[in-house]
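If you want the building blocks of each chain, they are given just below.
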4 protein chains.
Amino acid sequence: MRKLKVGIIGATGYTGSELVRILQTHPHVDIDIITSESYAGEELPEVHPLFHSLVETRLVSSDEVTERDLDVVFLALPHGVSMEYVKKYAGQDFKIIDLSGDFRLNEPATYEDWYGKDHTYPEGFQNRAYGMPELFHSEIANAQLVANPGCYPTASVLGLAPLVHAGLVDPRRIVVDAKSGTTGAGIKAKPSNHFSTVNENFKAYGLKRHRHSIEIQQILTQFAGQDARIQFTPHLLPIDRGILATIYAQPNGAINERKLKSVYQDFYGPHPFVRLVENPPSVKQVRGSNFCDLFVTYDDRTDNILVLSAIDNLVKGAAGQAVHNMNLMFGLDETEGLGHIPVHP
Amino acid sequence: MRKLKVGIIGATGYTGSELVRILQTHPHVDIDIITSESYAGEELPEVHPLFHSLVETRLVSSDEVTERDLDVVFLALPHGVSMEYVKKYAGQDFKIIDLSGDFRLNEPATYEDWYGKDHTYPEGFQNRAYGMPELFHSEIANAQLVANPGCYPTASVLGLAPLVHAGLVDPRRIVVDAKSGTTGAGIKAKPSNHFSTVNENFKAYGLKRHRHSIEIQQILTQFAGQDARIQFTPHLLPIDRGILATIYAQPNGAINERKLKSVYQDFYGPHPFVRLVENPPSVKQVRGSNFCDLFVTYDDRTDNILVLSAIDNLVKGAAGQAVHNMNLMFGLDETEGLGHIPVHP
Amino acid sequence: MRKLKVGIIGATGYTGSELVRILQTHPHVDIDIITSESYAGEELPEVHPLFHSLVETRLVSSDEVTERDLDVVFLALPHGVSMEYVKKYAGQDFKIIDLSGDFRLNEPATYEDWYGKDHTYPEGFQNRAYGMPELFHSEIANAQLVANPGCYPTASVLGLAPLVHAGLVDPRRIVVDAKSGTTGAGIKAKPSNHFSTVNENFKAYGLKRHRHSIEIQQILTQFAGQDARIQFTPHLLPIDRGILATIYAQPNGAINERKLKSVYQDFYGPHPFVRLVENPPSVKQVRGSNFCDLFVTYDDRTDNILVLSAIDNLVKGAAGQAVHNMNLMFGLDETEGLGHIPVHP
Amino acid sequence: MRKLKVGIIGATGYTGSELVRILQTHPHVDIDIITSESYAGEELPEVHPLFHSLVETRLVSSDEVTERDLDVVFLALPHGVSMEYVKKYAGQDFKIIDLSGDFRLNEPATYEDWYGKDHTYPEGFQNRAYGMPELFHSEIANAQLVANPGCYPTASVLGLAPLVHAGLVDPRRIVVDAKSGTTGAGIKAKPSNHFSTVNENFKAYGLKRHRHSIEIQQILTQFAGQDARIQFTPHLLPIDRGILATIYAQPNGAINERKLKSVYQDFYGPHPFVRLVENPPSVKQVRGSNFCDLFVTYDDRTDNILVLSAIDNLVKGAAGQAVHNMNLMFGLDETEGLGHIPVHP
């Protein structure tokens, strides 16, 4: 089988680096071009020393992308920048997997409200799929543009989808208390990610207005068939990788442990990257892998359902899910190139 | 003024060590005896090297306690063990501040249900006070035995008391999603606190049945004047010290930001160790100090009240609060010996 | 090609777990049996949740090993225990790769001196190879028993071998100041590896008499053709994985930067897992991989040669090197199954 | 006694913050002015939330310094900037304690060589003392300007001074392998101090040419009465605070453990902040305190002397030592205001 010719646009961040790590050992992929505007001309290991002797590709400007005969490009770019590239590549033959937030929401107006900036390519929303393979398999398979989900929404939506889909909970009384490792905030040095700001510390941020609130809410609304209203609170963990979402929902009626478990088993049975685990998962047990580990239980003392959802934000929450999407878009086995066993400890 | 003669029973754990750190520089305290059954005969710095040249007291067996003419003893002992000491010291002149969970709940039966063991000294409950100075000032001042609150209940109850006291929220729909540093789990080496189990990791534990659930619930029920029902979920943070409780409550009626802030200001105005802060607090900004930093806000999109409460679990959540209680029990200024400025970073 | 039938003896520690992680995706390996005396009867994911849905093998007692038709067994057992298994398996057909220290030194007497216990199977030393592929390729290829090197010796010897082999330095004046992550000290919970003992901390240990001193010294003596005398000081890093050895050596005569670099290039040219890097390496740039990253430089102000050597102690320092040895022992390509790209960050 | 009126110039970094923490509880100090050019007009807790309700001083421009009637100012400014302030304040009545590197070396020429910039106030060197109280007590007491030592030199020189002073070691063959927490690199956000660069990582930096090399070397040369030549290698630890220097020296003649210990005891006997400890010290056992913990031993196998020296880089290595100097300069008890017990864990 001919290998897919792949481009990675913006390789100097954590997501770009992780895409290279995963795609480099994918049996059906040939990384044809890796771009960086700020480091064009340098070799990848000068930016990411881990790739020394492994991927010594010279970084080039994204201007060269259209000169190659690519099958697919991954956009690992900041919000706001990414939409410009989607626009620019509109007439190209290759498919696009966009890892930014620019095309994740249902419509430009919502984007402008929650992201606080104009959307310059509203046409892009027309033929895009929301790239969560467990929920939108066929849309992804047929899409030219896939909007790869946010990291928090991946953990949160996978945790809640079975409940909401089965109509078991009040979608207007859901609390998602989520905690993420620091790579989720990007590679750019800021006072908020200085080692001594984050280390031995813990805090909430983005209260009430974090952009992932609306992303979670829109997908769950679609699944619930009625308005969902999500209280989403992110926190910053002093670790590199990993998200744990602790989810609280109020049952609509009588529920029990056995019923709950079977709803999740039915929903995720055939899906290789969701593991239903028997104990509350730790983020480290999925580190470096594309798994989402889920645990669900009912508390009859308080009449609440609790869901715990753990992912690696750079893999299942970004680069791994993006490669999963690529596999679907090109008819490959969905696990191809994603067999990484978690690295623990 | 004559200094108080103080005994510390069980100095080899984190709480005992922290009691020594605080009491050693307290202007009205003379540490007369420090006990340890397992290290009797050794000097304190052999167990805790930080005290080298500072507190070179020889550790003795607790048998010697009744031979000294003490004013107060602090029990820094495991649950179940502590009640035996309270029983043994029943006829003594000195006052007791118990840092275990043995006398925190309202009655022995609840203890036996949630702690899973018999209570061997039910008489102890009669004349004990719950040692949370902001809520039970006069009871503490008059008590012979003070049950020092749990670390999670300290953060949680201080965060919720103003709301529940003012009747602003439904006490049956409260979620406390709490995260604690590892010292909260004690000094004894176990697989669950191995460095490589905790480091770069994060997980929930004690779902639905953590003992602090009932402690929080009982105090809030008392304050609400009606049954409270608390969904409490603790998580283990890869840090040494610090608790952040993220609290979600549903308002009973119309509420707004300004009203909320003023309720907290009125409630905590005169209390020196509660700081109402203008941004979500980090646990590091209170580290090493006796402060509880509180932030409250209302989300009109979801109709939820959010409270964030940060403490140092070993100080405000244990040894510092215990010394605060001692100050009240002996008529000292309540801030005496507790002027530690947070150590950051 | 028929797959090798492999046994892993002692799978519940970090080294055993890492062996499973690596061997499970090795194209020429079939993990036939995984043993544990303490967890026999349980499935592997109950001990190591990372393997959920991946390796659900039931753990059995090592008594079953001789009933299987194995090609090779890996002993991931404590020092002192391992030699008993080597003895027991002496007449078996399968080859043995021993990850303990029991057969690393040149002779039983030295073992007894430095390990402080009797050696119960001195016969084992006769046909064993020291499993450092870059130095003892042919011995390993022909051995029935391979003693897999210690983690510190791996980093230290690889860093020094070119210098000592070329006779460039005084072998009696070498300082190895080494720092290791906590997994190097094993999985058993002890006060010394309690999270709050290690976290935010750093200290030296095993001064003057750490067992790896003599292991390093023996190999270098062999290479130098004269007595080496190594000052080796290990330190405990508050990280999971990784060793950095900072090495100081005194040149025998005139030396310069260019000469130094070329000596290393000549020595390691054909070896796929040693990377000569252009900047001082960080331990994170090799994490999860089988690489040893080396940097060498000369300081003309002080007339010292400095070498920096970074490995992942669980991979190149243990399980990865063991699989590398297996590849040599069975005539496989030496990189087979070891293509893990470092996981960073 | 009248309190000293103190100014802190540059309060927004770690050293400035730590000066406030220490001086605020100093019984003979009144913090009269705290300056910041970038945050002038804001209150201190807006920059450092730990000071909420404790030190709510409004930050002002340093232009106001000369309008106050100060006794002493602390310069917590970057290298190169600090000398301008020393120059500007040359005619003022107040004394100056400079925490930068601008006046630490013996002469401007050496500064220009190692710091790579011109020195604009060479006159400042004439009447300055090197502020290491254990070594230069009387010079400090009489100085108008004190150059507060670097953090690494504090740990290194205190570790070596007794050996070099007694002529016990070859001063040309000393290796200082030092490891520091991240606060040593300052508060300014840079890629090198991004959380995910430092966390779970470890590396050497500044090989051969770190500025502290020459600072250590000059002081030891002065003490040795002959040229010292120090091989100094700093490393970055994934912790906030703490330096451990592991020091290797070659004895000039016969030496033994008992002799070594007594040399150190004689040298540091009367000095309250140097603790001679019986086991290799950890950095955490001095955290938050002004102690330097020293351990010395002799290895007869290799004929090397090993010294381990642990400090908190922000206290003994910066702000604490500066306050110690202030105490000497104003005839106060040298321990005044410095009684902080280490915060552990």
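What counts as what
Residues numbered from 1 in each chain as written. Chains lettered and ligands numbered in written order. Predicted model: local features only at pLDDT ≥ 70, side-chain atom pairs only at ≥ 80, totals over all residues. Heavy atoms only, no water. Contact = heavy atoms within 4.5 Å. Buried area = accessible area lost by both parts, 1.4 Å probe. Salt bridge = Lys/Arg side-chain N within 4 Å of Asp/Glu carboxyl O. Polar contact = N/O pair within 3.5 Å; in protein donor to acceptor, adjacent residues only side chain to side chain. Helix = DSSP H or I, 4+ residues; strand = E, 2+ residues; numbered from the N terminus. Least-squares fit on C-alpha atoms with pLDDT ≥ 70 in both. Buried < 20%, exposed > 50% of the residue type's maximum accessible area, 1.4 Å probe, protein only. Axes fitted to C-alpha atoms, helices over the stretch in contact; angles between N-to-C directions. Parallel < 35°, antiparallel > 145°, perpendicular 65-115°, else oblique. Left-handed = near helix turned anticlockwise from the far one by under 90°. Nonpolar A, V, L, I, M, F, W, Y, C, P; charged D, E, K, R; others polar.

**Q** So what exactly am I meant to see when it comes to the interface of chain C and chain A here?
**A** Accessible area lost on assembly of the parts is the figure often given for the size of an interface. Facing the 32 residues of chain C at the interface are 32 residues of chain A. For the pair chain C and chain A, the summed buried area comes to about 2600 Å², and 62% of that belongs to carbon and sulfur atoms. Looking at the side of chain C facing chain A, the largest losses of area belong to Leu50, Ile341 and Pro345 of chain C, adding up to 24% of the total buried there. The tally of links from chain C across to chain A stands at two salt bridges. The closest approach of N and O atoms between Asp240 of chain C and Lys284 of chain A, which form a salt bridge, is 2.8 Å. For the pair chain C and chain A, the interface holds 10 residue pairs in polar contact (both at pLDDT 80 or more). For the side of chain C that touches chain A, the elements supplying multiple residues, two or more each, are α1 (14-23) and β11 (274-276) of chain C. For the side of chain C that touches chain A, the element with the highest residue contribution is α1 of chain C, accounting for four residues.

**Q** Is there a simple way to think about the relation of the copies chain C and chain A in this case?
**A** Think of it as a corkscrew move, a rotation about one axis and a shift along it, taking one chain copy to the other. Relative to chain A, chain C is turned by 180° and slid 0.0 Å along the rotation axis, the superposed coordinates differing by an RMSD of 0.0 Å. These values place the two chain copies in the arrangement generated by a two-fold rotation axis. Taken as a fraction of all interface residues of chain C, those also at the interface in chain A reach 100%, which identifies the copy contact as same-surface.

**Q** Any chance you could explain unusual backbone geometry here in plain terms?
**A** Note that the residue after His344 of chain C, namely Pro345 of chain C, is joined by a cis bond; omega there is -10°. Among the structural elements, Pro345 of chain C can be located in the segment after α10 (315-329). The phi dihedral of Glu200 of chain A falls on the positive side, at around 55°, and the residue is not glycine. Take Glu200 of chain A: it is sitting in the loop between α7 (195-198) and β8 (203-204). Given the relative accessible area of 1%, Glu200 of chain A is considered buried.

**Q** Please clarify how the interface of chain A and chain B should be interpreted in this entry.
**A** In this complex, chain A contributes 49 residues to the contact, which on the side of chain B involves 49 residues. Arg173 of chain B is paired through a salt bridge with Asp303 of chain A; the nearest N and O atoms lie 3.7 Å apart. Scanning the region where chain A abuts chain B turns up 42 residue pairs in polar contact (both at pLDDT 80 or more). Taken together, the elements giving at least two residues each to the side of chain A that touches chain B come down to β7 (174-180), β8, α8 (211-224), β9 (230-236), β10 (243-249), β12 (292-299) and β13 (304-311) of chain A.

**Q** What is the right way to look at the side chain of Ser62 of chain D in this model?
**A** All names here are of chain D. Mapped onto the elements, Ser62 comes out in the loop between α2 (44-47) and β3 (72-75). Owing to a relative accessible area of 3%, Ser62 belongs among the buried residues under this scheme. A distance of 3.2 Å separates a polar atom in the side chain of Ser62 from a polar atom in the side chain of Tyr85. If we ignore the near neighbours within four places in the chain, the residues touching Ser62 are Ile9, Thr35, Glu37, Tyr85, Lys88 and Tyr89.

**Q** Could you clarify how one ought to interpret the packing of helix α4 (residues 108-115) of chain D against helix α8 (residues 211-224) of chain D in this entry?
**A** Helix-helix packing: each pair is described by the crossing angle between the helix axes and the interaxial distance. Residue and element names in this part refer to chain D. Between α4 and α8, the least distance of the axes is 9 Å, while the angle of their chain directions is 150°. Between α4 and α8, the angle falls in the class roughly antiparallel. Helix-helix and strand crossings are classified by hand; for α4 and α8 the assignment is right-handed. Facing Thr110, Trp114 and Tyr115 of α4, the residues of α8 in contact are Arg211, Ser213, Ile214 and Gln218. Within the contact of α4 with α8, the residues separate by chemical class into three nonpolar, three polar and one charged.

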